[in-house]
Amino acid sequence: KGRALDPANVSESEKEGHVEVFMQELAAIIPHHCGDHEHCTLDMCKVMRLQRDNPDLTDDELEALYDASARFKGKILSVDDEGVSELTSFITSRITRKNADAVGAMESTGKIESSNAQSVSLTSGKRLNMTQTNAYIIVWNRVVGHQRMGPEF
């Protein structure tokens, strides 16, 4: 959120600092979604922020607080350690320190995620091979129409 850098106004050391944080957060994504928040940062993780803001709560109380406010109501991915390692390795093999600044500049936004969610809802979750058909164009036109003109579009 708001971490995209203007290359013209950033020193090399500042850029490297941002790349370091980006790489740390990237490596923490899969474990985070599997309930392991050991390597999360405050920027990326609601659990970490809740722990910081409520240091006196027990683990069970914290879990209940998180479950009540989290987007997925506390549900986590059920992936074993080998799977977590494999997925994390896959992601970090594609996004490296060399291309992290370029990837970071394309950071997802609420609007992008909203568009993707609307696309899934308009296709009943069936996006397999949609990019090879005209249906893809129709769905994205509907998504844009919903965003610009409201649900009555």
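Visitor: Would you take a moment to explain helix 4 (residues 81-94) for this structure?
Guide: Turn by turn, an α-helix covers 3.6 residues, leaving residues three or four places apart pointing in a common direction. The terminal C-alpha atoms of helix 4 lie 20 Å apart, and with 14 residues this matches the ideal 20 Å at 1.5 Å per residue to within 8%. Every buried residue belonging to helix 4 is among Gly83, Val84 and Thr88, and all of these are buried. End-on, the buried residues of helix 4 take up no more than an arc of 125°, which puts them together on one face. Away from its buried face by more than 90 degrees, helix 4 exposes Glu82, Glu86 and Arg94. Check the buried side of helix 4 and you find it contacts helix 1 (12-33).

Visitor: So what exactly am I meant to see when it comes to the nonpolar core here?
Guide: Most often, soluble globular proteins keep nonpolar side chains buried together rather than apart. One finds Val19, Phe22, Met23, Leu26, Ile95 and Ala100 forming the largest nonpolar core, which totals six residues. At four residues, the largest contribution of residues to this core is made by helix 1. Once you skip the residues sitting within four places of it in the chain, Ala100 turns out to touch Val19, Phe22, Met23 and Ile95.

Visitor: Sorry, what's going on with the pattern of salt bridges here?
Guide: When charged atoms on two side chains of opposite charge get close, those side chains can pair. For the structure shown, the criterion picks out two salt bridges. Between Glu20 and Arg97 there is a salt bridge, with its nearest N and O atoms 2.8 Å apart. Highlighted residues: Glu20 in helix 1 and Arg97 in the loop between helix 4 and helix 5 (100-104), separated in sequence by 77 residues. Residue classification places Arg97 among the partly exposed positions, given a relative accessible area of 43%. One salt bridge connects Arg52 with Asp53, and the closest N-O pair in it is separated by 2.8 Å. Assessed through its relative accessible area of 48%, Arg52 is described here as partly exposed.

Scoring rules and cut-offs
- Residue indices begin from 1 for each chain and proceed along its sequence in written order.
- Side-chain atom pairs in this predicted model are given and counted only at pLDDT of 80 or more, local residue features only at pLDDT of at least 70, and totals for whole chains, interfaces and linings cover all residues.
- Hydrogens and water are ignored here; the side-chain numbers use all heavy atoms of the structure.
- Counting from the N terminus, the helices are DSSP H or I runs at least four residues long and the strands are E runs at least two residues long.
- To estimate how far a helix should reach, multiply one less than its number of residues by 1.5 Å.
- The classification of residues rests on relative accessible area computed with a 1.4 Å probe and restricted to protein chains. Under 20% of the type maximum is buried, over 50% is exposed, and intermediate values are partly exposed.
- What the arc measures is the spread of directions leading from the helix axis to the C-beta atoms.
- Residue contacts follow a heavy-atom distance rule, with two residues in contact if any of their heavy atoms lie within 4.5 Å.
- The definition of a nonpolar core used throughout is a set of buried Ala, Val, Leu, Ile, Met, Phe, Trp, Tyr and Cys residues joined through side-chain atoms within 4.5 Å.
- Within this document, salt bridges are pairs made up of a side-chain nitrogen of Lys or Arg and a carboxyl oxygen of Asp or Glu, the two lying within 4 Å of each other.

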